[in-house]
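Structure assessment
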Amino acid sequence: MVDRPLTLMAVHAHPDDEATGTGGVLARYAAEGFRTVLVTCTDGSCGDAPGGIKPGEPGHDPAAVAALRREELEAACRVLKVGDLELLGYADSGMMGWPQNDAPGAFWNTPVPEAAARLAELMRYYRPDVVVTYDENGFYGHPDHIQAHRITMAAVAETGIPATAPRSAMAEFGRIVRELGGDWDLPEQDAPPAEDAAPPIGLPDEEISTWVDVTEFGPAKYEALKAHASQSENIFFLNLGVERFTQLMGRETFVRVRDSTGAPVPEEDLFAGLR
Ligand SMILES: [Zn+2]
């Protein structure tokens with residue numbers, strides 16, 4: 001046994017990603033007495049303003065959206081019993097091709113080594129045993145998600161913290177979205193331009209190494225997502241109701257990409273080989 005609690009660090013792009021992608025593992029491992037750390041890279045200012053108002057539309061104030069989403073994020077962290085919330089505070093880059101991509105301070109516009117150095121500092125401080133983030137497609141092609149993947153991989157390589165076993169990519173979610181009727185019902189202007197066709201969401205089963213049952217924490221995950229109700233795409237999931245939501249979202253899956261444990265895969269626990 002080590003002389004500190006085993007620690008899970010989740011690196012996410014926007015406020016609300018922690019709930020949909022990793023709400024179950026954050027709640028489950030906190031309940032098991034592990035330390036959980038959430039790093040949210042951007043301020044979410046390209047999200048909806050109250051009433052579903054989109055960026056660039058009259059009545060969308062990016063600073064007010066960021067402030068509201070921070071409150072929502074803090075509420076979600078209370079529900080999920082996240083031990084520590086760290087905000088990198090980059091500006092939301094918006095979807096691929098948006099002018100916000102190139103704005104000063106935008107996450108996508110920040111050199112990877114610069115943002116990775118800040119994340120590495122947090123990794124040295126918290127010494128996570130497991131780090132989770134998106135796959136290299138950023139899970140569905142959002143620039144901030146791709147950037148979160150890149151800085152996480154760079155920070156992990158830079159710190160080389162002993163016993164760190166980073167895993168990457170939530171895969172199950174894509175299957176659920178398809179199961180719910182094929183397309184994620186994103187508002188029209190959120191769709192990437194046709195020439196940047198979105199990569200497929202999720203991965204084939206045989207590429208998934210880690211299947212975590214979080215059914216018991218489905219209601220907590222639902223409540224955490226409910227904390228982010230200002231975002232129209234979350235309403236889609238909230239409309240399922242807690243029971244159906246738990247049925248569909250009661251398992252979270254990952255792909256182990258770096259490992260120091262040698263634990264056999266497939267596994268059912270992010271901390272396999274570490275406990
Ligand atoms: Zn996101």
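Before going into details, it helps to say that this report is about the structure given with it. From a predicted model like this one, the values you see are computed outputs, not experimental measurements.

**As for empty space enclosed by the protein**
A probe matching the size of a water molecule, rolled over the atoms, marks out where space remains unfilled. Scanning all chains against the criterion turns up two cavities of 30 Å³ or more. There is about 60 Å³ of room inside the second largest cavity. Lining the second largest cavity are Thr20, Gly21, Met170, Ala171, Glu172, Phe173, Ile176, Lys221, Met249, Arg251, Glu252 and Thr253. Residues of the lining of the second largest cavity, tallied by class, amount to five nonpolar, three polar and four charged.

**With respect to the pairing of strand β1 (residues 7-12)**
Summarising burial for β1: six of the six residues are buried, a large majority. Of the two faces of β1, the one holding Thr7, Met9 and Val11 and the one holding Leu8, Ala10 and His12 are both buried throughout. Where β1 lies against strand β2 (residues 35-42), six bridges are found, and the strand directions are parallel. When the bridges of β2 are listed, Ala10 appears paired with Leu38. The handedness of the β1 to β2 crossover, carried by helix α1 (residues 17-31), is right-handed. For β1 and strand β4 (residues 130-133), the ladder comprises three bridges, and the chain directions are parallel.

**Remarks on the side chain of Arg256**
Within the fold, Arg256 resides in strand β7 (residues 251-256). The contact partners of Arg256, leaving out residues within four places of it in the chain, are Pro166, Arg167, Ser209, Thr261, Gly262, Ala263, Pro264, Val265 and Glu267.

So, how was this worked out
- Sequence positions are assigned chain by chain, starting from 1 and proceeding in written order.
- Totals for whole chains, interfaces and linings use all residues, but because this is a predicted model, local features are given only for residues with pLDDT of at least 70 and pairs of side-chain atoms are given and counted only at 80 or more.
- Side-chain metrics in this entry use all non-hydrogen atoms of the structure; hydrogen atoms and water are not considered.
- Using a grid of 1 Å spacing that covers the protein atoms alone, one calls a set of points a cavity when a 1.4 Å probe fits there but cannot get out, and a pocket when the set is open and has protein on both sides within 12 Å along at least five of seven lines; lining residues are those with an atom within 4 Å of a point.
- Grid points are joined across faces, edges and corners, and a volume is the space filled by probe spheres set on the points.
- Residue type decides the class: Asp, Glu, Lys and Arg count as charged, Ala, Val, Leu, Ile, Met, Phe, Trp, Tyr, Cys and Pro as nonpolar, and the leftover types, Gly among them, as polar.
- Partly exposed describes any residue whose relative accessible area lies between the buried limit of under 20% and the exposed limit of over 50%, with all areas from a 1.4 Å probe on protein chains only and scaled to the type maximum.
- A run of H or I in DSSP becomes a helix once it reaches four residues, and a run of E becomes a strand once it reaches two; helices and strands are each numbered from the N terminus.
- Only strands joined by at least two bridges in the DSSP assignment are considered to pair.
- Handedness of a crossover is defined as follows: with both strands directed away from the viewer, a clockwise route from the first strand across the helix to the second makes it right-handed.
- Only heavy atoms matter for contacts: two residues are in contact if any of them lie within 4.5 Å across the pair.

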